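Residues per chain are reported as follows:
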Amino acid sequence: MSFTSDKVTEYLSTFYRPVDDDLAALRYYNEENEVPLILRETEGLLSFLLEILKPQHILEIGTAYGYSAMFFAKKLPAARITTIDRAPAMIPVATQVFYDHEEGERIDFRTGDAADVLDDLVENCSGDDLYDFVFIDAGKSHYRDFFDKAEQLCRPGAVIVCDNILMHGWTVDRSYEGAKRHRTNVKYMRQFLDYIYEREDLTVSLLSSGDGLAIIKLHE
Ligand SMILES: C[S@@+](CC[C@H](N)C(=O)[O-])C[C@H]1O[C@@H](n2cnc3c(N)ncnc32)[C@H](O)[C@@H]1O
């Protein structure tokens, strides 16, 4: 369900082009089984960004069944990807997906709470390990913490994309169905968006595409 217009989303979806048939099959499997994954519109935008930026080292927070990590790996055949998830229901499936695909060899799957895994990465990070692209797609009330930690792992000028910033419209207005139940997430998401916008050293663009995206470029 889109908070803008289902008709617009449906129309834009007709322009969706998967990287290959294998990835398309993975998307259909995830969609049929109601596993969370990036929306088609979001994939289109990420695809465009990756095409321009050509990052070589990508950090993803929120793996689920591994769809977006596989998308990164297929889209950029030389890139290395680190992806993090903590859910017992997701870990064995994503592990198997990465094992079954040759691209999975370039995916470093870290399991555990992202806050702890990121602390560990920060502690053991050398200059060669720095990331040039980060995709944040996990616990919506923790974006500020994920962002702060990810930033320490990035090269100057790196790009950080945060998904679901509008959370079905809840971030915008209480009248959207479900908003009241998710008050805490809304509060933290709003604080996060205010924070990145107030930082004068960041270049920030907020988009209503998909479920809302923040595209942030770190200072060179
Ligand atoms: C929207 S799904 C990710 C979808 C995935 N990026 C894709 O497009 O295929 C969010 C995932 O974040 C994970 N997650 C949420 N909070 C987390 C946390 N604090 N640490 C690690 N993983 C977390 C959930 O288990 C879930 O699998």
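Since the structure is predicted, the reported quantities are computational estimates derived from the model, not experimental observations.

J.: Looking at this model, I keep getting lost on unusual backbone geometry. Mind explaining?
T.: Where the residue is not glycine, phi is negative for most of them; where a peptide bond is considered, it is trans in most cases. You will see that Glu-34, though not glycine, has its phi angle at about 55 degrees, which is positive. Mapped onto the elements of the fold, Glu-34 is located in the loop between α2 (21-32) and α3 (40-53). The exposed category is assigned to Glu-34, whose relative accessible area is 72%. Although it is not a glycine, Met-167 adopts a positive phi angle of roughly 45 degrees. Examined against the element boundaries, Met-167 turns out to sit in the loop between β5 (154-163) and α8 (183-198).

J.: How should I be thinking about the site of the ligand in this particular structure?
T.: Neighbouring the ligand are 20 residues; Ile-38, Gly-62, Ser-68, Asp-85 and Ala-114 lie closest to it. Asp-113 places a polar side-chain atom, nitrogen or oxygen, 3.4 Å from a nitrogen atom of the ligand. Taking Ala-114, its main chain carries an N or O atom lying 2.8 Å from a nitrogen atom of the ligand. The protein chains hide 89% of the 600 Å² of surface that the ligand would expose on its own. Considering only residue class, the shell around the ligand consists of ten nonpolar, five polar and five charged.

Thresholds, definitions, all that
Residues numbered from 1 in each chain as written. Predicted model: local features only at pLDDT ≥ 70, side-chain atom pairs only at ≥ 80, totals over all residues. Heavy atoms only, no water. Helix = DSSP H or I, 4+ residues; strand = E, 2+ residues; numbered from the N terminus. Buried < 20%, exposed > 50% of the residue type's maximum accessible area, 1.4 Å probe, protein only. Near = heavy atom within 4 Å. Polar contact = N/O pair within 3.5 Å; in protein donor to acceptor, adjacent residues only side chain to side chain. Areas by Shrake-Rupley, 256 points an atom, 1.4 Å probe, with all protein chains shown as cover. Nonpolar A, V, L, I, M, F, W, Y, C, P; charged D, E, K, R; others polar.

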